[in-house]
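# Observations on the model geometry
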Number of protein chains: 2
Amino acid sequence: MSLLRHIRTCNAWEPARFVPFRRGNARLGLIRRDNAERLRRFPKLFEVSKDTVNLIAEGNAKALTSAVDRAVEELVSERVIAKWRNEFFAVAEHWGAKVHFTLDRGAVPFFGVKAYGVHLNGYRRVGSKLKLWIGKRASNKIVAPGKLDNIVAGGIGVAHGLEETLLKEAAEEAAMPKKLASRAVAVGAVSYRMETKTGLRNDVLFLYDVETPASFTPRNTDGELVSFALMDARDVVKRMRDTEDFKFNVNLVNIDFALRHGVIGPEDPEYLGLVAGLHRPLD
Amino acid sequence: MSLLRHIRTCNAWEPARFVPFRRGNARLGLIRRDNAERLRRFPKLFEVSKDTVNLIAEGNAKALTSAVDRAVEELVSERVIAKWRNEFFAVAEHWGAKVHFTLDRGAVPFFGVKAYGVHLNGYRRVGSKLKLWIGKRASNKIVAPGKLDNIVAGGIGVAHGLEETLLKEAAEEAAMPKKLASRAVAVGAVSYRMETKTGLRNDVLFLYDVETPASFTPRNTDGELVSFALMDARDVVKRMRDTEDFKFNVNLVNIDFALRHGVIGPEDPEYLGLVAGLHRPLD
């Protein structure tokens, strides 16, 4: 089967169903029209028109965070969204830009705010074979329970840096020693925009590779992954072609890895489509 | 200085200045409006309207190749374009698609036909340092004389495969033994679209990495490169920031290499722009 279908899955959204979420000149997200309607009841906070939702509340980031959170709590009580209550994402126009306020991770898709994560490919060379450590997600995960995952992955919470998130998740998810995790090399990013039940995932994943020694076997410590397997990279590609076993966005991370390491080569008729499809134009 | 400027340079074109070059339902290229006007004198070959140039000549690829070549010769005699007379590119809607006819490489930008090349990064690890073999182009090259280049690069002529072109160019440009060149790993592609004096470069470069042993020193045999230097990858990035010393598209190849090997990391404010900017959406 086509590998491009995974890119299509992660980019399935119709711009016409969404309106920009703005504060002044800054576009902070993309809100689905039905969700925008739900915000009309907070007229001191949001100005909802046919083509846009404006955040009109004034004040500093702390004041805005509280004000938006009060609206979010109402939506939670109506079961429109579910808060995570342990992870908070920064709301900014783009990576590194001014943080307007912070938002519970569960509310991020409702507002279609850009979210950032790190994914680590743990690989090992065994003879001429390239192998990848693949984790299996716990069955009680909110997102993609039971699906296959990268060895380490996590969202970048507010005020946490990339390296810090990577080291923390590497320790929690794979019991990876700091010394090994610090050898991870930044290798690029993938991005996608995908409608979900709640709204829109508007994600950028920063990617890292780490070559793991034969002495290292990952072991999960936080309950998010239930097992690990060292799979031949060619089998990972075959399994992506044949099944929906991997978490939706993990397919993109694996495809990027396979393209960078010659596991998927130019003889694949989808090659150029895959190379181009892993990144959305910046906007 | 900004690295993104190199991506902007390679993507400087205004769609409104071009019209599609079609044969039936297939779009084969993009012709600048002034060039389209020049084709009006060949009414049996091209149907030129305000919004399109249609190739209306009938026959098989061989017949079309001769017919278009007669028009090209007239344009050459008027110094609108210069034929290379030794390299011929396939004209097709996209990579791997049906070849409608073949075209002298010098005429490719006039018709804005997709052109494909291979670029090889030759690298070596010296201690903790990552080094890149960089060539210097001869001063008599038609394109980018005297500029810095990858160790091996070449256009993919009609009926030549990717691997074949890579091995041939590796032997000619760098005296790289076949055994070493065969170890090159496919690592992706970059694409760009750039107006030139003659028309439009509409290029895809297939990229390869090869780790060269300490015993190997490249040596040019075809006169296209005059010297090689083993440069620290960080110095390559610095030189791209500070100068226009590299051939325009070699900057993209180097940026892609630097992103994949952690030489440019996410701490660079341009990181996500660079990652996204190296590939045009397929169309």
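Preceding this section is the structure that the text describes.
Residues numbered from 1 in each chain as written. Chains lettered and ligands numbered in written order. Predicted model: local features only at pLDDT ≥ 70, side-chain atom pairs only at ≥ 80, totals over all residues. Heavy atoms only, no water.

## Thoughts on the sheet that holds strand β4 (residues 53–55) of chain A
All names here are of chain A.
- The strand order β2-β1-β4-β3 describes an open sheet built from four strands, whose pairing is mixed. In the strand order of this sheet, the two ends are held by β2 (26–32) and β3 (46–48), each with one partner. This sheet shows a mean twist of 25° between the axes of neighbouring strands, independent of strand direction.
- By the bridge criterion, three bridges tie β3 to β4 in an arrangement that is antiparallel. Counterpart to Glu47 in the pairing with β4 is Asn54. (Pairing = 2+ DSSP bridges. Helix = DSSP H or I, 4+ residues; strand = E, 2+ residues; numbered from the N terminus. Axes fitted to C-alpha atoms, helices over the stretch in contact; angles between N-to-C directions.)

## A short note on the environment of Ile264 of chain A
Residue and element names in this part refer to chain A.
- Residue position: Ile264 is located in the loop between α8 (248–260) and α9 (271–277).
- Its relative accessible area of 2% is what places Ile264 among the buried residues.
- Once the C-alpha coordinates of Ile264 and Glu163 are considered, the two residues, 101 residues apart in sequence, prove to be 28 Å apart.
- If we ignore the near neighbours within four places in the chain, the residues touching Ile264 are Leu3, Val237, Ile255, Ala258, Leu259, Tyr271 and Leu274. (Buried < 20%, exposed > 50% of the residue type's maximum accessible area, 1.4 Å probe, protein only. Contact = heavy atoms within 4.5 Å.)

## Concerning the interface of chain B and chain A
- The interface of chain B with chain A comprises 24 residues on the first partner and 24 residues on the second.
- At the junction of chain B with chain A, the criterion picks out zero salt bridges.
- At the boundary of chain B with chain A, the tally comes to four residue pairs in polar contact (both at pLDDT 80 or more).
- Of all the secondary structure elements, the ones that give two or more residues to the side of chain B that touches chain A are β11 (185–195), β12 (200–211), α8 (248–260) and α9 (271–277) of chain B.
- Of the residues belonging to the side of chain B that touches chain A, the class tally is 17 nonpolar, five polar and two charged. (Salt bridge = Lys/Arg side-chain N within 4 Å of Asp/Glu carboxyl O. Polar contact = N/O pair within 3.5 Å; in protein donor to acceptor, adjacent residues only side chain to side chain. Nonpolar A, V, L, I, M, F, W, Y, C, P; charged D, E, K, R; others polar.)

## Overview of the relation of the copies chain B and chain A
- With an RMSD of 0.0 Å, the fit of chain B onto chain A corresponds to turning through 180° and sliding 0.0 Å along the axis. The operation mapping one copy onto its partner corresponds to a two-fold rotation axis.
- An overlap of 100% is found between the interface residues of chain B and their copies at the interface of chain A, pointing to a shared contact surface. (Least-squares fit on C-alpha atoms with pLDDT ≥ 70 in both.)

## A closer look at the nonpolar core
- Ile264 of chain A together with Leu120, Ile151, Met176, Phe206 and Tyr208 of chain B are the most contacted members of the largest nonpolar core, which totals 60 residues.
- If you tally residues by element for this core, the top one is α8 of chain A, at eight residues.
- Contacts of Leu120 of chain B, omitting those with residues within four sequence positions, involve Asn150, Ile151, Val152, Leu166, Met176, Ala184, Tyr208, Asp209 and Val210 of chain B.
- Membership of the second largest hydrophobic core comes to 59 residues, among which are Tyr116 and Ile151 of chain A together with Tyr123 and Val236 of chain B. (Core = buried A, V, L, I, M, F, W, Y, C linked by side-chain atoms within 4.5 Å.)

That is the geometry; function is a separate question.
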